[in-house]
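# Summary of structural features
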Amino acid sequence: MRYPILLACLPFLLCVSPIDTALANGAAPDAPRVTSPPTPTWAFEKSDIALDPQFHFGTLPNGLRYIVRHNAYPAGTALVRMVVHTGSLDEKPRERGLAHFLEHMAFNGSQRVPEGQMVPLLEREGLAFGADTNASTGFEDTTYKLDLPRSDPALLDTALMLMRETASNLTLAPAAIDRERGVILSEMRDRNTFSFRNTREAYRFLYPRARFAERFAIGKASTVKSASAKALRRLYERTYVPANVTLIIVGDVDTQAVEAAIARHFADWQGPAPIPQPDAGPIAPHDAGRTDLYIDPLLSERLTVVRSGPWLDEPDSIAQRQENLLRLIGYNIVNRRLQKLSRLPSPPFRGAGFGTGDVFKAARTTRLVIDSTDGGWRQGLDAALAQVRRALAQGFTQGEVDEQLAAIRASLTVAANSAETRSNAALTAAALQLLSDDLVPSTPASALDRFTRFAPDVTPERVLAAMRREALALDNPLIRFEGRQAPAGGAAALREAWNQAMAAPIVHDPAQASAPFAYTGFGVPGTVVSERREPQLGIREIRFANGVMLNLHRSALEKDKVRVRVAIDGGDRLDTLDNPTATEMAAYLPQGGLGKNSRDDLDTIFAGHTLDFDFASQTTRFVSKATTTAQDLPTQLDLIAALVTDPGYRREGEVQYHQAISQYFAQRDGTPGSALQAGLGAILSDQDPRFSLQPLATYDALSYAGLKQAIGDRLDHGAIEIALVGDIDEDAAIAEVARTFGALPPRESAFHDNNDQPPRRFTSDRQPRVLHHTGPRDQALLRLTWPTRDDADPIDTLRLELLERVTRIALTDELREALGKTYSPGATSALSHAWKGYGTFAITASVDIRELAATRTAMRRVIAALRAAPVSADTLLRARQPMLEAFDNALKTNGGWMSLVDNAQSEPERITRFLKGRERLEALSAADVQAMAQRYLDPDTALEIRVLPEGVNN
């Protein structure tokens, strides 16, 4: 567990939910209204936190609960969730893994939906399997998820029918169980990574007697292999009972009609009273003094220091949120101090975190986590513990408290101002948090009001007192070391180092003032020399005298939010045969700060603002993206302009890059997927260095000096295209861009392409290749890749995307559903926009190494069938309908708008392509899919790559 820094986590301060005053049109019959039972059914019934009145809550006579919320963002869509309060904690010793098995069986047959028909039924309605149709099993709950691309009554009724089938009507046929068994074992094999094994062993050490430490949802292979219909039925009937189920529906719906539909589908369901869920513990408060070493060559060095104590029963209330706010500020200040140390030119650790959190309702745990470079654990321990001890002994400064208050105030203000356009996903998350954490979904306005009234009473003394009330003293703690090599002296050395660090004198560290932001003027504001309204979508296109392009779209889809994208000519195009890693460090440009302000300075300076500081290298462009507010837009533009004109190239950013690249190489071959990713580029390109991973020594030699030499000219002279989408005053936004980017010296007028570079080619050597991973010996991965084409032809692009969808369905039906050999087979069409003539089509499957030959045969059989005959009308519908729904919903979010506004001047043809896309897609036939398969997917010309365990070649 990593603890949050600054605003990464606010839920224990508030649960923010927007108010949407729009009502769905159309009348609906009243749903049965049921009075609440005498004991509280919902957390808000015993809280003084005012509930967001736009949420509708109900309980059917059988005990099933529901939450319904109208919301029109995105318009015409809805999210449906069914939370069953049962998970792996409910499993008996011989049932470990059966809760997850039941989740899988929800897709494998019920009274009204035959085996194998739920996913196709939803695909015909436009829900893609995985993206829109999914489920998950946790320790406490199992959640079924449907993201509806339309919120019409018919589709919503289908969704509720399927949820009812899952809740009480699964057939659990023995033959279906046998077929799904292989899929689950495949998932178990895929999840057996070094990271998972480390987490499991950490839980066992830190909480040795706790039930949850032995109840990971994936379960035990022996249980899965022997699972019978009788055993699954027994668990199903014991745990899937009405009073354990809560339905959540958020979207553009008539709430009364939805409530009536819920009653229609679920009111006749009868079942026994729920059995209380077993406690996740026990966790002994007195457990102390133990030390553990966990060595794995794939793990970076980390120390975890823990003390556990009794769980604090603190129901949600105004007073409790005030207490939590004080605690949050305290922990955030400590973590801010630790962050400052990690950003030094010679940092004592890579990162560190301190905090206290609940372990279910079994205990609370205070942790200090220290990530160090290999062999640096002692230095990291001394530095991190010194900060924690200093904070708990000496407290905080008013300036530190003010920084946190400013950051929290800014976050709450944004939430309040944008409340009316909060997304379905955000509102659903608030409802789920009510279920999981008993946090009342209040309105953002009320949350801001509570904060505003309480903030004047927040003092350093109160913050320290609140943190001391919750945090457990790290006296004689549990200490866990993980890493590639055991520390010299072993466990005894760790314990001695801890004792010495605890005995060291606490040194006062005076606060250091940050310099003010030094970039508020960039010259004489630029003048507009051309302006037009793009005729199809109304995008406003501006060009300044210095050549900078600006595209604007005013949108009401996110109130008080503005999305910003600044693109600069360059990007990966600057990587050459002679210097293939020229732009490798570009993403770390913000970590080097600015010439006159360090990155750490900027965090303090802008604590009360909503800003992003981002930079990335794409194929032909450098891009900086941000989401800000209308009020902060001028500052956001100042910040990005400062990064472009005066990047700091400070050593601390260099250090962070080298820490990250060292970690990447250490874990590069740890899983089949990561090994494939590392080796794929070189194989496909015949070792072209521009697309191949280079030796670690090459990356170790990189520096900011080299990055500056590579990208400096582009930052100074390259074409710039800026896109703004959101709640903006267009004229005011134009003036701010004129003041910043428009004031820069003249830029090139257009972006460059890759025509001056040697072309990107697909290898002509189609001999099978083998890569190796260092994971478990039963893991293997098979990939078949074909060369295709670039994306210049919009119809061929759609044909290949449709072929991708069809192939994915066919692979899933064959490899997962029929043969049970793989958990998630995949198909991908990737057509290059920048590299003319280049594109790939690939299919992949992760399998048991013993099934590699059979899987290859099945994959080739699928491809041969696609080439031999047109797919059925039903398969075409299942593949195409989610694509059509994506077109229909694309411009219902600002993210969708940005994908068209971003390059509106430099690539105007993309707009026409989008607007004609739906019509072109509808015109495609099964014959078109077959023609693409025949043109590109010859099984005998595929490049086969096998990823096998180290030391295995066949």
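Whatever comes next refers back to the structure up there.
Computed from a prediction, not measured in an experiment: that's the story for all the values here.

### Some points on the sheet that holds strand β4 (residues 133-137)
- Strands sit in the order β1-β2-β6-β3-β5-β4 across an open sheet of 6 strands; the sheet is mixed. Strands at the two margins of the open sheet, each flanked by one partner only, are β1 (55-59) and β4. For this sheet, the mean angle separating the axes of adjacent strands, direction not counted, is 15°.
- Both β1 and strand β2 (residues 65-70) contribute to a ladder of 5 bridges, which runs antiparallel. For His 56, the partnering residue across the bridge sits in β2 and is Val 68.
- Strands β1, β2 and β6 (245-251) of the sheet are contacted by helix α8 (residues 255-266), whose axis makes an angle of about 155° with β2.
- Contacting β1, β2, β3 (78-84) and β6, helix α12 (residues 424-437) crosses the sheet at an angle of about 160° to β6.

### Topic: the sheet that holds strand β10 (residues 363-372)
- Read from one edge of the open sheet, 5 strands run β7-β11-β8-β10-β9, paired in mixed fashion. Unpaired on one side and paired on the other, β7 (291-295) and β9 (351-359) mark the two borders of the sheet. Geometrically, the sheet is characterised by an average inter-axis angle of 15° between neighbouring strands, direction not taken into account.
- Pairing geometry for strand β8 (residues 301-309) and β10, over 9 bridges, is antiparallel. Residue pairing for β10: Glu 301 is matched across the bridge by Ser 372.
- This element, helix α10 (residues 377-394), spans β8, β9, β10 and β11 (478-483) of the sheet and lies at about 135° to β10.

### Considerations on the packing of aromatic side chains
- As enumerated under the stated definition, the model contains 25 aromatic pairs in all.
- Taken together, a centroid distance of 5.5 Å and an interplanar angle of 85° make the contact between Phe 139 and Phe 360 edge-to-face. One end of the pair, Phe 139, is in the loop between β4 and β5 (142-148); the other, Phe 360, is in the loop between β9 and β10, with 221 residues separating them in the sequence.
- Here Tyr 207 and Phe 212 contribute two aromatic rings whose centre-to-centre distance is 5.5 Å and whose plane-to-plane angle is 50°, an arrangement assigned as tilted. Comparing Tyr 207 with Phe 212, the two get one shared label, buried.
- Joined through ring pairs, the aromatic side chains of Phe 139, Phe 196, Tyr 203, Tyr 207, Phe 212, Phe 216 and Phe 360 make up one cluster.
- Cation over ring: Arg 621 sits above Phe 751, and NZ or CZ is 3.7 Å from the ring centre.

### Quick notes on unusual backbone geometry
- Geometrically, the link from Tyr 73 to Pro 74 is a cis peptide bond, its omega value of 0° lying close to zero.
- Cis geometry marks the peptide bond from Gly 281 to Pro 282; its omega dihedral reads 5°.
- Examined against the element boundaries, Pro 282 turns out to sit in the loop between α8 and β7.

### Looking at the pairing of β5
- Of all the 7 residues making up β5, 5 are buried; the element is thus mostly covered by neighbouring parts of the structure.
- Here β3 runs beside β5; their pairing, made up of 7 bridges, is antiparallel. When the bridges of β5 are listed, Arg 81 appears paired with Lys 145.
- Pairing geometry for β4 and β5, over 5 bridges, is antiparallel. Across the sheet, the residue bridging to Thr 133 is Leu 146, located in β5.

Rules of the game
The written sequence of each chain sets the order in which its residues are numbered from 1. Given that this is a predicted model, residues contribute local features only at a pLDDT of at least 70 and side-chain atom pairs are listed and counted only at 80 or more, while totals for whole chains, interfaces and linings are drawn from all residues. To obtain the side-chain values, all non-hydrogen atoms of the structure were used and water was disregarded. Whether two strands pair comes down to DSSP finding at least two bridges between them. Strands are runs of DSSP state E lasting at least 2 residues, helices are runs of H or I lasting at least 4, and numbering of each runs from the N terminus. Axes here refer to lines fitted to C-alpha atoms; in helices the fit is confined to the stretch in contact. Angles between the N-to-C directions go from 0 to 180 degrees. Pairs of residues are marked as contacts when any of their non-hydrogen atoms sit within 4.5 Å. The rule is short: rings of Phe, Tyr and Trp, with Trp giving its six-membered ring, pair when the centres are within 6.5 Å, and they are stacked under 30 degrees, edge-to-face over 60, tilted in between. Only protein chains enter the calculation, and the probe is 1.4 Å; a residue is then buried if its accessible area is under 20% of its type maximum, exposed if over 50%, and partly exposed in between. A ring has a charge above it when a Lys NZ or an Arg CZ is no more than 6 Å from the ring centre and no more than 35 degrees off the ring normal.

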